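Residue-level listing of the chains:
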Amino acid sequence: MLKIVILGMPNVGKSSLFNCFLKSRSAITSNVAGTTRDIKKQTFLLAGHGVELWDTGGFDPKHVFGDQIASFNMGAVEACDLVLYVVDGKIPPQDTDKQHILTIQKQNCPCFLLANKIDNETEALNAYEFAKLGVNDMFFVSASHNKGLDKLQQAILKHFGLKPLEAPQALEVPERIQVGIIGRVNVGKSSVLNALVAQERSLVSSVAGTTIDPVDETIKHNGQEICFVDTAGLRQRSKIEGLEKFALDRTRKVLEKSHIALLILDVSTPFVDLDEKIASLAEEYRLGLVVVLNKWDIRHASFESILQTFKYKFKFLQHVPVITASATSKRHIFQIKDKILEVHRHFSMRISTSTLNQVIAQATQKHPLPSDHGKIVRIYYSTQFASCPPQIALVMNRPKALHFSYKRYLTNTLRQKFGFLGTPIILLAKGKEDSLNP
């Protein structure tokens with residue numbers, strides 16, 4: 001998926017621009033420099049193409065976390081495909097901006113310069129002096145008045161040679177999104193629930209197996225109702241005792257009725273095999289998934305080490321968002337709610353048949369389907385027949401000949417194009433005469 005990072009000094013309007021792209025108030029904006037500190041990532045559709053947009057903290061050597069923020073930002077440049085460097089169009093070009101732009105250009109990352117807060121023609125004329133910063137692609141925008149963004153988006157499409165696709169449609173959002181909280185015993189599920197709903201809703205104790213009955217609580221976030229259900233902590237089957245046998249059954253019943261699973265992992269100790277088995281429940285019940293690395297304030301290893309281990313042990317969760325959090329300090333609790341809404345948008349996404357066929361056709365041209373004992377295998381057409389999660393039928397001449405590795409290739413292609421963040425994609429090979437039911 002295309003990755004775009006927004007960089008710049010504090011208070012130039014980076015978060016406002018981020019919100020304009022997403023058409024929501026996802027990032028907090030204020031007049032206080034340094035409001036954004038961590039890198040915030042969200043996906044949106046640009047002319048039907050999935051794009052991951054990164055909002056960053058402002059470059060500010062005077063900030064208490066200035067060096068760390070700058071390091072994060074330059075790491076983002078290496079990971080992204082395009083930098084949108086934002087400056088305040090109402091003040092003259094700054095030497096610090098030129099220094100940051102030179103550093104970006106040395107990393108050979110394409111860069112667009114955005115002069116923000118340009119609200120009239122006079123300001124636009126004055127803003128041409130930003131050409132001295134040495135960026136060829138310069139745009140005058142006003143995030144607060146939503147000006148100049150159409151031209152910017154068209155330039156992004158042209159730069160990457162992307163043609164507009166018919167945008168996927170999200171189904172009508174349900175009255176309430178059901179979220180099941182899962183994890184091992186004592187990973188902090190109840191503490192996370194209490195932090196999410198901002199009250200002591202679930203009993204917290206160091207005694208394993210405190211939660212037996214599922215505990216549910218509904219909140220409203222950005223106008224959307226979310227019902228969290230805290231389930232009993234799961235153990236190895238051989239260690240389940242007494243009432244906990246009923247708890248396991250009730251946990252499964254909760255997941256049957258859920259849209260999203262919130263997987264809580266304890267990073268105060270290393271991951272264990274049971275964590276992987278619990279994570280697989282989301283796939284078993286075809287749920288959207290958000291991973292929360294809890295107890296981050298007392299993590300057992302460095303950020304890089306934990307993330308590297310996670311990627312190795314949970315290879316099947318590479319499409320799932322991961323949030324570092326602490327129920328105790330309330331770290332990133334707000335972001336968990338944001339990410340649940342984002343994953344649910346992808347979970348309920350519906351792609352038009354014409355767009356889907358265009359993407360599948362391009363994929364098969366790039367890597368043709370393997371033959372079946374010398375006989376040609378064709379995909380006649382594809383169609384999405386259900387959502388929540390997305391279910392796609394590939395109508396073929398030899399449906400039984402579709403190898404799992406090629407199915408995985410098509411799944412990865414769809415993720416590259418549309419995101420499907422934290423969402424399972426169900427691909428079903430069908431014959432022309434078969435029903436489209438799973």
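Residues numbered from 1 in each chain as written. Predicted model: local features only at pLDDT ≥ 70, side-chain atom pairs only at ≥ 80, totals over all residues. Heavy atoms only, no water.

For the protein, the name recorded in an unreviewed UniProt entry is GTPase Der, with Helicobacter ailurogastricus as its organism. Taken verbatim from the UniProt record of the protein, the Sequence similarities (unreviewed entry) comment is "Belongs to the TRAFAC class TrmE-Era-EngA-EngB-Septin-like GTPase superfamily. EngA (Der) GTPase family." Recorded in UniProt for the protein, the comment headed Function (unreviewed entry) runs: "GTPase that plays an essential role in the late steps of ribosome biogenesis." (UniProt positions renumbered as here; feature names shortened; annotations may be inferred.)

Enquirer: Whenever I open this one, the nonpolar core confuses me. Can you help?
Expert: Within soluble globular proteins, side chains that are nonpolar generally end up buried alongside one another. Counting 50 residues, the largest nonpolar core has Val83, Leu84, Tyr85, Phe112, Leu114, Leu152 and Ile156 as its most contacted members. Tallying contributions element by element places strand β4 (residues 82-88) first for this core, with 6 residues. Setting aside residues up to four positions removed in sequence, Phe112 forms contacts with Leu82, Val83, Leu84, Tyr85, Val135, Asp137, Phe139, Leu152, Ala155, Ile156 and His159. Membership of the second largest hydrophobic core comes to 26 residues, among which are Leu193, Leu196, Ala325 and Val343. (Core = buried A, V, L, I, M, F, W, Y, C linked by side-chain atoms within 4.5 Å. Buried < 20%, exposed > 50% of the residue type's maximum accessible area, 1.4 Å probe, protein only. Helix = DSSP H or I, 4+ residues; strand = E, 2+ residues; numbered from the N terminus. Contact = heavy atoms within 4.5 Å.)

Enquirer: Before we go on, may I ask you to explain the sheet that holds strand β17 (residues 426-430) in this structure?
Expert: Remark on secondary structure: sheet strands pair via backbone hydrogen bonds, oriented parallel or antiparallel. Sheet architecture is open: 3 strands sit in the order β15-β16-β17, paired in mixed fashion. Each of the sheet's edge strands pairs with one partner strand only, and the pair in question is β15 (379-386) and β17. In this sheet, adjacent strand axes meet at a mean angle of 25° when their direction is disregarded. Where β15 meets strand β16 (residues 391-396), 6 bridges bridge the pair, whose relative direction is antiparallel. If you follow Ser382 over to β16, its bridge partner there is Leu394. Relative to the sheet, helix α11 (residues 353-366) contacts β15 and β16, its axis offset from that of β15 by approximately 135°. (Pairing = 2+ DSSP bridges. Axes fitted to C-alpha atoms, helices over the stretch in contact; angles between N-to-C directions.)

Enquirer: What is the right way to look at helix α1 (residues 14-22) in this model?
Expert: In an α-helix there are 3.6 residues to a turn, and that puts residues three or four apart on one side. Burial within α1 is extensive, with 8 of its 9 residues counted as buried. When we look at burial in α1, the residues that qualify are Lys14, Ser15, Leu17, Phe18, Asn19, Cys20, Phe21 and Leu22. Elements that come into contact with the buried residues of α1 comprise β1 (2-8), β2 (40-46), β3 (49-55), β4, β5 (111-116) and α5 (149-159). Where α1 ends, the next residue or the one after it, Lys23, has phi of about 55°, a positive value.

Enquirer: Whenever I open this one, unusual backbone geometry confuses me. Can you help?
Expert: For residues that are not glycine, phi is negative in most cases, and the peptide bond is trans in most cases. Here the residue pair Cys388 and Pro389 is connected by a cis peptide bond, since its omega of 5° sits within 30 degrees of zero. Here Pro389 is to be found in the loop between β15 and β16. A positive phi angle, near 70°, is found at Lys330, a position not held by glycine. Residue position: Lys330 is located in the loop between β13 (322-324) and α10 (333-347).

Enquirer: Even after reading the chapter, I still don't get the environment of Cys109, so can you show me in this structure?
Expert: Looking at the secondary structure, you find Cys109 in the loop between α3 (95-106) and β5. Looking at Cys109, the relative accessible area reads 8%, which means it is buried. Distance from Cys109 to Ala79, taken between C-alpha atoms, is 9.4 Å for residues 30 residues apart in sequence.

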